[in-house]
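# Structure at a glance
One letter stands for each residue in the lines below.
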Amino acid sequence: MKILEHRQSGLTVGFVPTMGALHNGHGQIIQTSRQETDITVVSIFVNPKQFAPHEDFNEYPRPVDADIAFLNNHKADYLFMPTAAEMYPADFITKISFHQGVASELEAIFRPHFFDGVAVVVTKLLMAVFPDIAYFGEKDYQQFCVIKQLVKDLNIPIKIQSVPTVREPSGLALSSRNIYLNSDNKKASELLNKVLYDVATQIKQGITSEKACQEGERYLLTNGFDKIDYLVARDSQTLSPHIQNDTRILVAAWIQNVRLIDNISL
Ligand code: PAF
């Protein structure tokens, strides 16, 4: 049965786009979709357009059999797993690019190709599945903001909803890329979440966000992290440093050759 036929018969459809290597963070998103809609569709597609040539497209984990077992266990109704040739045939020429607003800083500075690649694939996936609601993990908070803006700008009539980050007991946010961490840098990586909470506490105590974030960066760099791309407090809706809504604290940092991102709300 086509997904659209479910909607035509009055059922609601939830969609969880993923790049596979599924973990309990994805499990939580699938569960949310199953609670809120009648039919849950999951896609697995490692999107070449969102990786720069020097990034980990080739190494990105692709445990297809384990992913299918995971989806069966989590009772997803449909798996959509297109090939690269289906998504991007040889005559594919469309680009989507962003110029300002939520897509102009943070990840956009350090991974300039990223959101344009995400926008193309997400638009195609949304058009192919055409769900009522599409779910995205809060761990990629800026991605969630950019996708919300994308569907608004392009009048795509699909609700975009975020699902809270799932963490290990240590606080480390679950990520498909955590498999790149060895036991030494895994220990250090657990400090990332602690630092977000330290920064939040300091801001609540009246310390300026600049000072709190500088202190957080210093702490990470002296405790196993090699480089901080950003550690900032931003407006949760506009991602501007001029905070008018709630505050979101966001970090991207490197341990050896592993780049981790995380965020919390104040
Ligand atoms: O967050 C991800 O897994 C990917 O960026 C997404 C949204 C599936 C697009 O490839």
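In this report, the structure presented in the accompanying data block is examined. (Residues numbered from 1 in each chain as written. Predicted model: local features only at pLDDT ≥ 70, side-chain atom pairs only at ≥ 80, totals over all residues. Heavy atoms only, no water.)

Remark on secondary structure: sheet strands pair via backbone hydrogen bonds, oriented parallel or antiparallel. Spatially, S3-S2-S1-S4-S5 is the arrangement adopted by the five strands of the open sheet, whose pairing is parallel. Unpaired on one side and paired on the other, strand S3 (78-80) and strand S5 (159-163) mark the two borders of the sheet. For this sheet, the mean inter-axis angle between neighbouring strands, taken without regard to orientation, is 25°. With six bridges joining them, strand S1 (residues 13-18) and strand S2 (residues 39-44) adopt parallel strand pairing. Residue pairing in the sheet places Pro17 in a bridge with Ser43 of S2. Across the sheet, helix H2 (residues 24-36) lies against S1, S2, strand S4 (133-137) and S5, angled at about 155° from S4, the strand it touches most. Its contacts with the sheet put helix H7 (residues 141-153) on S4 and S5, and the angle it makes with S5 is roughly 170°. (Pairing = 2+ DSSP bridges. Helix = DSSP H or I, 4+ residues; strand = E, 2+ residues; numbered from the N terminus. Axes fitted to C-alpha atoms, helices over the stretch in contact; angles between N-to-C directions. Contact = heavy atoms within 4.5 Å.)

To continue, consider the packing of helix H6 (residues 114-129) against H7. Interhelical geometry of H6 versus H7 gives an angle of 55° and a closest axis separation of 10 Å. Classified by the angle their axes make, H6 and H7 are oblique. The chirality of how H6 crosses H7 is right-handed. Each of Phe114, Phe115, Val118, Ala119, Val122, Thr123 and Leu126 in H6 lies in contact with H7, whose residues at this interface are Gln142, Gln143, Val146, Ile147, Leu150 and Val151. Classifying every residue of the contact of H6 with H7 gives ten nonpolar, three polar and no charged. (Parallel < 35°, antiparallel > 145°, perpendicular 65-115°, else oblique. Left-handed = near helix turned anticlockwise from the far one by under 90°. Nonpolar A, V, L, I, M, F, W, Y, C, P; charged D, E, K, R; others polar.)

The next subject is the pairing of S2. Burial of S2 is extensive: six of the six residues sit out of reach of the surface. Here S2 shows a buried face lined by Ile39, Val41 and Ser43 and a second buried face lined by Thr40, Val42 and Ile44. Each parallel crossover has a hand, and for S1 linked through H2 to S2 it is right-handed. For S2 and S3, the ladder comprises three bridges, and the chain directions are parallel. (Buried < 20%, exposed > 50% of the residue type's maximum accessible area, 1.4 Å probe, protein only. Right-handed = clockwise from strand over helix to strand, strands pointing away.)

Inspection of every chain in the model, using the stated rule, returns zero disulfides. The structure places no disulfide on Cys145, whose sulfur is separated from the nearest cysteine sulfur, that of Cys213, by 17 Å. Residue Cys213 is classed as buried on the basis of its relative accessible area, which comes to 5%. (Disulfide = S-S within 2.5 Å.)

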